[in-house]
Each structure stands twice: as C-alpha cells, then as structure tokens.
Amino acid sequence: MTFRLTHPAVFALIAAISFGLPISAADGIAGPYLAGRLASVAKDYRQAAGYFSRALIADPANPQFLENAILSQIAAGESARALPMAAQMDRLTVESQGANMLAFATLARDADFAGMLAALEAGRSAGTLVDGLLKAWAMVGEGRMTDAIAAFDDVAEIEGLQAFGLYHKALALASVGDFEGADKILSGEADGPLRVTRRGVIAHAEVLSQLERAPDAIELVSAAFGDSLDPGLAKVRVDLTAGRPLPFTVAPDAKAGIAEVFFTVAGAMGGENADVYTLAYARLAQYIAPDHIDSILLAAQLLERDNQFDLATEAYNLIPADDAAWHVAELGRANALIQADRTDAAIEVLTQLSKARPELAIVWTSLGDTLRRQDRYAEAVTAYEKALGTFASEQPGQWTIHYALGIASERQKLWPEAEAYFRKALALKTDQPQVLNYLGYGLLERREKLDEALGMIERAVKAQPDSGYIVDSLGWGFYLLGRYADAVVQMERAIELMPIDPVVNDHLGDVYWAVGRKLEAEFQWKRALSFEPDTEGEAARIRRKLEVGLDVVLKEEGAAPLAVTENKN
C-alpha cells in the first residue's frame with residue numbers, strides 16, 4: 001500500500017520520529033498533537049484541524065491543543081466548527097488570540113454590538129488596532145456616532161495607526177450618510193492623503209457619486225488605475241459616465257464595517273511573511289460578511305501561496321459567476337490547478353473563461369501562457385492574438401504580449417515572424433532586457449546582423465548585470481563570434497550567478513575547450529550532466545563531447561569548426 005505524504009498515518013509517524021517520540025506515541029495524545037504541529041508547519045490546515053481535534057478528544061482542557069485547533073479550523077474555512085473550542089477556552093479562563101478573534105467575529109456576524117462593547121470592556125482583546133476599531137464600529141452600530149468618531153480619532157492618534165483610524169472613520173461617516181465628511185478624509189483635505197488601495201478608491205468614488213460629483217469620481221478612478229480597468233472598476237466608470245449614482249457598498253453599516261476591519265488587518269499583514277493569523281483575519285471577514293468578495297479572494301491567494309491548492313480552489317469557487325470579480329477567481333482557480341499539476345484542467349477552465357469573458361486581455365494571455373508552457377505554440381499564438389484584439393488602441397503595456405508571441409513563433413521555427421514580434425515589443429518598451437536578450441541571441445545563432453545582436457545583449461547585461469541567463473547569452477555570443485577570451489570572462493561570471501544550471505555549465509565547458517583548457521572543459525561538461533539537462537538529446541551531446549571532444553562533435557554535426565586563435569594550444 002502506498003501512502004501520500006498527507007495520509008494520517010504518515011503524518012503521525014513522521015511527527016513521532018521528528019520530535020523524538022517512541023513510535024507507539026503516535027497512537028496516544030502526543031501523536032495527534034505533533035502530527036497536527038507538522039501539518040501546521042506544512043500549512044495543511046485541514047489536516048491540522050483534524051489532528052488537533054483528535055488530540056482534544058483525549059485532553060479537552062489542554063489550552064495549547066485548543067488554540068491550535070481554533071486557528072486551524074478558521075484557516076481551513078470552518079470557523080463555526082471552532083466555536084465550541086473557543087467557548088472551552090473561555091471556561092478555562094485562558095487568554096487566546098484565536099478565541100478572541102472568533103468571538104468578536106461572531107458578535108459582529110450576529111450584529112450584537114452591545115455584546116461586543118461589553119466584551120471589550122471586560123478585557124477581551126485582539127490587539128490594540130483591532131480593539132480600537134471594533135469599539136468604534138460597535139458604537140456606530142449602537143447609534144452612538146459622536147462616541148464612535150472619538151473612538152476612531154483615538155486609534156488615529158496612536159503612532160503608526162493613523163491611516164487605519166482615518167480610513168475607517170471615513171467609512172463610518174459614509175455609512176450614516178455624511179458623505180461630505182467622508183470625502184474630506186478620503187481626499188486628504190482633513191489630515192493629508194491616505195494610502196491608495198483598490199477598495200479605498202472605490203469607496204471614495206462611491207462617496208463622490210453620492211455627492212453628485214461624478215466627473216471627480218471618474219477622474220479619481222482614471223488617476224489611480226489608468227485605462228486598464230478590471231470589470232469591477234470598469235462598471236464603476238460606466239455607471240458614473242452614464243450618470244447612474246453609485247450606492248455606498250464598501251461598508252454600508254456597522255456589521256460590514258467590522259468585516260472591513262478584519263479584511264483591512266489581513267491586507268496589512270499579507271506580505272511575504274504572512275502567517276496563519278493573516279489567513280484567519282481574511283477568513284473571519286468572510287465569516288462576518290459572506291458576500292465580502294475581496295476577503296474571499298485574499299484568502300484564496302494566501303492559500304495558493306501556502307501551496308494549499310485544494311483549499312484555494314474551494315475558496316475561488318465561492319465567487320458567484322455574476323460577480324465582477326468572477327474572472328479573477330477563475331484565473332486564480334486555473335493557477336491553483338497548474339500548481340497542483342492539473343494543467344489540462346486549468347486549460348479547460350481558461351478556455352471556458354475566454355468564452356465567457358472574451359473582452360478581457362488577461363484571460364487570453366493567461367490561456368496563451370499556459371498553452372505555451374505545454375509546448376502548444378500554435379494555439380498560444382492564437383490566444384495572444386486574441387488578447388491584442390481586445391485593445392482599442394496600441395499601448396506600451398502590450399510589449400509583453402508581443403514578446404510572448406515572439407517566443408511562441410520562434411519555438412515553431414518561424415523566425416521572421418518571431419523577429420517582427422520582438423522588434424514590435426522593443427518599439428513599445430525600448431531597451432527591455434528580456435526582449436533584447438532573446439532577439440539578440442536569436443540573431444547571433446543565425447549569424448545575422450551580428451553587430452546589432454551583440455549590442456542588444458550588451459545593453460541587456462547593462463540593464464540586468466546580475467541575470468545569469470543574460471550574462472550567459474553575452475558569453476555565448478562572444479563564443480559564436482570566435483572571441484573566446486571575452487567569452488571566458490562572461491561565462492565564468494554567468495557560472496557564478498547560476499552555478500548549477502546545466503546549460504551554463506555546458507557552455508562554459510565549450511568555451512574552455514575553445515581556448516585549450518580541455519581538462520576544465522571536461523569537468524564542466526560532467527557538472528552539466530550531473531545537473532540533468534532538460535532533454536536526452538542535450539545530455540547525449542554532452543556525453544559525446546566527453547568521448548571525442550568538441551571539435552569532433554562539431555564536425556559530425558556539420559557545423560563550422562572552432563576558430564583558430566592564439567588562445568588555443
């Protein structure tokens with residue numbers, strides 16, 4: 001019988017071994033707990049929740065088991081299942097961040113603002129920022145607007161928290177119809193500009209619309225995002241242009257405002273070092289307000305980053321097809337499928353999405369990229385051309401599509417078409433290093449426009465001197481031109497940047513052979529083989545060079561012999 005890594009028996013056994021326990025401990029309390037710890041480290045929240053729950057059956061009053069179980073259930077999207085565990089924490093009078101977060105979220109979900117204020121007064125806490133904003137929004141929910149404004153101001157006066165306090169104060173003012181007051185804050189008139197976020201721009205646009213200032217709202221959206229708007233923002237601009245007033249949707253009431261608190265905190269924490277609490281805040285925002293689409297998307301993206309592709313896919317599936325963000329969810333679902341090695345399923349998702357949203361360039365480019373990675377180059381070209389067809393006019397950002405078209409064409413050995421696409425990309429994005437490198441290298445291999453080609457690669461190296469691929473291209477370009485001494489300098493630099501790349505090691509071997517350093521050449525070829533070349537053909541060629549030398553291989557291939565230089569013995 002073969003076990004996957006996530007099989008319960010495997011987790012329990014690995015946990016017992018990893019933490020120095022006897023194997024028999026895997027069947028007791030320690031086994032499930034440590035297996036849960038291992039699953040948590042792997043960010044497999046569903047498995048972790050199951051193990052911690054099993055540990056609690058044996059020891060239901062263990063605070064450490066409870067805290068881990070609460071966080072795992074929330075992270076897995078099962079916040080309601082964590083409620084009995086949070087209640088048990090309360091009975092044990094043990095301080096718990098997870099239990100406090102869930103308790104506040106439950107009070108908000110039930111619109112129990114008096115209960116929330118009482119809990120805060122009694123000392124329940126989720127941290128200074130969250131406590132302050134929850135207190136203010138609960139007062140909004142109680143109809144105590146004057147007290148709420150003072151509470152938001154208290155948060156804004158704390159060092160480092162001004163933006164949070166002001167943003168939520170603006171949302172609260174808008175939620176009760178004080179759009180003038182909200183605009184003063186969001187515009188920066190009152191206390192200086194706030195950091196621009198997508199939701200912040202939408203909130204401000206809705207406020208301006210309510211103030212019958214549609215032109216200002218349109219200008220705001222255009223200034224923040226330009227002309228390349230996603231469907232949600234595009235609808236905002238269409239409605240504004242048509243004179244249709246926008247309702248205030250970001251935080252129309254106190255319950256939605258508290259959901260926004262959890263989402264705001266998750267967004268602020270969601271950098272590269274995001275942990276389970278970041279995901280928990282995003283999940284709890286959705287727990288409070290199931291239609292909070294941005295929190296669902298954030299949770300899905302965090303899960304995808306954690307390699308939890310099944311959970312990410314489940315989250316993406318929560319976005320309804322009639323929502324403006326549905327295409328974002330479908331793109332995310334496709335990417336999760338790709339990461340889970342289900343590329344065919346991802347292509348099907350993207351194909352269906354392209355039929356549903358053919359006007360979106362990003363849908364076509366995503367489909368093209370996925371097809372290209374599967375070596376389905378002709379189909380990729382069709383997708384990229386469809387992407388270009390979605391634009392009403394030529395834009396600089398289209399260079400990426402022309403670049404992708406060039407790659408897909410070059411892989412089909414359609415060099416004239418590829419060169420035209422690369423040159424178009426450079427016309428749109430002058431001195432773009434990836435394009436310069438690809439085009440320059442292609443021209444060198446074909447012995448065409450050699451001075452221009454080498455100049456392109458030199459400009460690419462100047463732009464990205466630490467790119468091993470580009471430095472390798474420059475070294476190989478010198479080799480192709482017979483400038484072997486110059487090639488050695490660049491290839492040795494490339495190997496410093498990419499020491500375990502088989503192609504770079506192979507190239508360095510050829511360059512060493514060209515200057516007569518044959519023992520070093522053979523060493524590099526052996527290293528290239530040890531790093532497993534991409535294809536058997538590449539590996540076979542390296543083995544042949546080790547048998548008979550580069551000169552013989554070139555003769556066998558009908559290629560031009562190495563140039564005679566003073567560097568060779």
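A. Inspection of the packing of aromatic side chains at higher detail. All told, the structure shown has 13 aromatic pairs when counted by the stated rule. Residues Tyr403 and Tyr438 carry aromatic rings whose centres are separated by 6.2 Å and whose planes lie at 85° to one another, so their mutual orientation is edge-to-face. Of this pair, Tyr403 sits in helix α23 (residues 399-411) while Tyr438 sits in helix α25 (residues 433-445), and the two are 35 residues apart along the sequence. Judged by its relative accessible area of 18%, Tyr438 falls in the buried class. Taken together through their ring pairs, the aromatic side chains of Trp399, Tyr403, Trp415, Phe422 and Tyr438 make up a single cluster. Over the ring of Phe263 we find Arg199; its NZ or CZ atom is 5.4 Å from the centre of that ring. The ring of Trp415 carries the charged tip of Arg446 above its face, separated from the ring centre by 4.0 Å.

B. Examining the pattern of salt bridges more closely. Applying the stated criterion across every chain, the model contains 35 salt bridges. We note a salt bridge from Arg124 to Asp90, for which the minimum N-O separation is 2.8 Å. Here Arg124 is found in the loop between α7 (113-121) and α8 (128-141), whereas its partner Asp90 is found in helix α5 (residues 83-91), with 34 residues between them in sequence. In this structure, Glu260 and Arg199 form a salt bridge, with 2.8 Å as the shortest nitrogen-oxygen distance. With Glu260 in helix α15 (residues 254-269) and Arg199 in helix α12 (residues 198-210), the pair connects residues that are 61 residues apart, well separated along the chain. Like Glu260, the residue Arg199 is buried in the burial classification.

C. Molecular detail of the side chain of Asp506. Residue placement: Asp506 occurs in helix α29 (residues 502-514). If sequence neighbours within four positions are ignored, Asp506 has contacts with Trp525, Ala528, Ile542 and Lys545.

D. Examining the packing of helix α11 (residues 179-186) against α12 more closely. Where α11 meets α12, the axes come as close as 9 Å, and the angle between the chain directions of the two elements is 140°. Judged by the inter-axis angle, α11 sits oblique to α12. Crossing hand, α11 versus α12: left-handed. Contacts between α11 and α12 involve Phe179, Ala182, Asp183 and Leu186 on the former and, on the latter, Ala203, His204, Val207, Leu208 and Gln210.

E. View of the environment of Ala49. Here Ala49 lies in helix α3 (residues 45-58). The class of Ala49 is buried, set by a relative accessible area of 4%. Each C-alpha atom of the pair Ala49 and Glu78 lies 9.4 Å from the other, and the pair is 29 residues apart in sequence. When sequence neighbours within four positions are dropped, the list of residues in contact with Ala49 reads Ser72 and Gln73.

Parameters at a glance
Residues numbered from 1 in each chain as written. Predicted model: local features only at pLDDT ≥ 70, side-chain atom pairs only at ≥ 80, totals over all residues. Heavy atoms only, no water. Phe/Tyr/Trp six-rings, centres within 6.5 Å; stacked < 30°, edge-to-face > 60°. Helix = DSSP H or I, 4+ residues; strand = E, 2+ residues; numbered from the N terminus. Buried < 20%, exposed > 50% of the residue type's maximum accessible area, 1.4 Å probe, protein only. Lys NZ or Arg CZ within 6 Å of the ring centre and 35° of its normal. Salt bridge = Lys/Arg side-chain N within 4 Å of Asp/Glu carboxyl O. Contact = heavy atoms within 4.5 Å. Axes fitted to C-alpha atoms, helices over the stretch in contact; angles between N-to-C directions. Parallel < 35°, antiparallel > 145°, perpendicular 65-115°, else oblique. Left-handed = near helix turned anticlockwise from the far one by under 90°.

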